Amino acid sequence: MDTETIYKEMFLFAPNAELLVDKNGIIVKINHQVEKLFGYEREELVGKKVEYLIPERIVHTRLIIDKYLRAPVRREMSESKDFLVKRKDGSEFFIEIGLNPIKLENKIFISASIRDVSARVHLVNKLQQSLTAIKNKNKELEQFTYIAAHDLQEPLNTVTGFVELLNEQYKGRLDKNADKYLQFITKASSRMRFLIRGLLDYARIGRERKLSMVDCNKLVTEIQYDFAFSIAETNTTFIIDKLPQVYGCELELSILFQNLISNAIKFRKEGTAPQIKISSEKEGNYWKFSVQDNGIGLAEEHKKKIFIIYQQLNARTEYKGFGLGLAFCQKIVELHGGKIWVDSVPNKGSTFYFTILNSNNL
């Protein structure tokens, strides 16, 4: 079997829609996937200019095609912009396209490999809508954050400064009660500083985002390296299924997994080594993730409270923290178009679930 015959067989039965056009942009051959994707029969497209598949109002795409035909070069799908095209029934959808000039029968043709990326475009649009909704929702919070950053920090700095002066100049020179009161004020000021910083960090989530494909397996592996000391100290073990790639903000998703893994280690049962299982599954248009632990668990009445900023259910002397981590998690998940919830049984452990829009078809 010669090379041209092999190519023709591969062309006809390729998994992607494949078009073969000449240097004038005339369609000379299509495969079965083109018929399926665009809704045309073979004879309806062969002989037509490739612009036939472009909505008439999209002038810019026609100019791009003309420019490419004058100097065709190989172009991978990953280098392609998303193009809007139309089906026979008039419905429109987005594609990405890989291009490859080839020589057949001593003539130059362009082989075009086409993939429907409507799902990705829809995903990006939905993420942008979610981001817009969250931004609108957070306008009042951002205003309060501005007040916290400026109007609250200045008097706090003043109080802290004077307390430090009092400690330096009068500690031990007044009665014992005075020393105790100064100690209380110092601790309260320090706590207030952490609370304000936490509020600022919470408000910053979602303000500067870079969206990309994120490998969740790689993300979780890097987090395990970051927590290597805590993992070794507590003898924590992991069971991690194969996780997907998702479209989102890598920094935010890292914070999400960090907080869930950190909590699973922190809220462990006394005398029991933490075991953390992380898995995922497709659920409609979403990836559903679960982070399961064998820790202390929580009561039914606390399941909704834990996602509220500054809610901490355990005594601070037993578990350090300010109740910020899960509030961060909820905001991050919402920015990715999903939701987060928990199933838990006291003294048996918790499973945190969250969803991220499905990008499996990207």
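Here goes a summary of the coordinates provided. (Residues numbered from 1 in each chain as written. Predicted model: local features only at pLDDT ≥ 70, side-chain atom pairs only at ≥ 80, totals over all residues. Heavy atoms only, no water.)

### Quick notes on the pairing of strand E5 (residues 107-116)
Selection rule: When DSSP finds two or more bridges between two strands, those strands count as paired. Only runs of H or I of at least four residues qualify as helices and only runs of E of at least two qualify as strands under DSSP, and these elements are numbered from the N terminus.
Pairing analysis gives 6 bridges linking strand E1 (residues 17-22) to E5, with the strands arranged antiparallel. By the bridge assignment, Asp 22 is partnered in E5 with Phe 109. Two strands pair when backbone bridges link them, and strand E4 (residues 92-104) and E5 are joined in this way by 10 bridges, in the antiparallel orientation. Bridge pairing in E5 links Lys 103 to Ile 108. Counting the residues in the hairpin turn of E4 and E5 gives 2 residues, including Glu 105, whose phi is positive at 55°.

### Concerning the sheet that holds E5
Stated formally: The angle between two axes is taken between their N-to-C directions and runs from 0 to 180 degrees, where each axis is a line fitted to C-alpha atoms and a helix contributes only its stretch in contact.
Ordered by their spatial adjacency, 5 strands build an open sheet running E2-E1-E5-E4-E3, and the pairing between neighbours is antiparallel. At either end of the open sheet lies a strand with only one pairing partner, and these are strand E2 (27-30) and strand E3 (83-86). Taking each pair of neighbouring strands and ignoring which way they run, the sheet shows an average axis angle of 40°.

### Considering the layout of surface pockets
How we decide: Cavities and pockets were defined on a 1 Å grid built over protein atoms only: a cavity is a set of grid points that admits a 1.4 Å probe from which the probe cannot escape, a pocket is an open set flanked by protein on both sides within 12 Å along at least five of seven lines, and lining residues are those with an atom within 4 Å of any such point. Grid points are joined across faces, edges and corners, and a volume is the space filled by probe spheres set on the points.
Empty space within the second largest pocket amounts to approximately 410 Å³. Forming the boundary of the second largest pocket are 23 residues, of which Thr 61, Ile 65, Phe 83, Ile 97 and Leu 99 lie nearest the centre. When residues of the lining of the second largest pocket are traced back to their parent elements, those giving at least two are E1, helix H4 (59-70), E3, E4 and E5. At 5 residues, H4 tops the list of elements feeding residues into the lining of the second largest pocket.

### Here we look at the pattern of salt bridges
In plain terms, the rule: The term salt bridge refers to a side-chain nitrogen of Lys or Arg lying within 4 Å of a carboxyl oxygen of Asp or Glu. Relative accessible area decides the class of each residue, using a 1.4 Å probe on protein chains only: under 20% of the type maximum gives buried, over 50% gives exposed, and in between gives partly exposed.
Counted under the stated rule, the structure contains 8 salt bridges. Lys 88 is the salt-bridge partner of Glu 44, the closest N and O atoms lying 2.7 Å from each other. Of this pair, Glu 44 sits in helix H3 (residues 42-45) while Lys 88 sits in the loop between E3 and E4, and the two are 44 residues apart along the sequence. Given the relative accessible area of 23%, Glu 44 is considered partly exposed.

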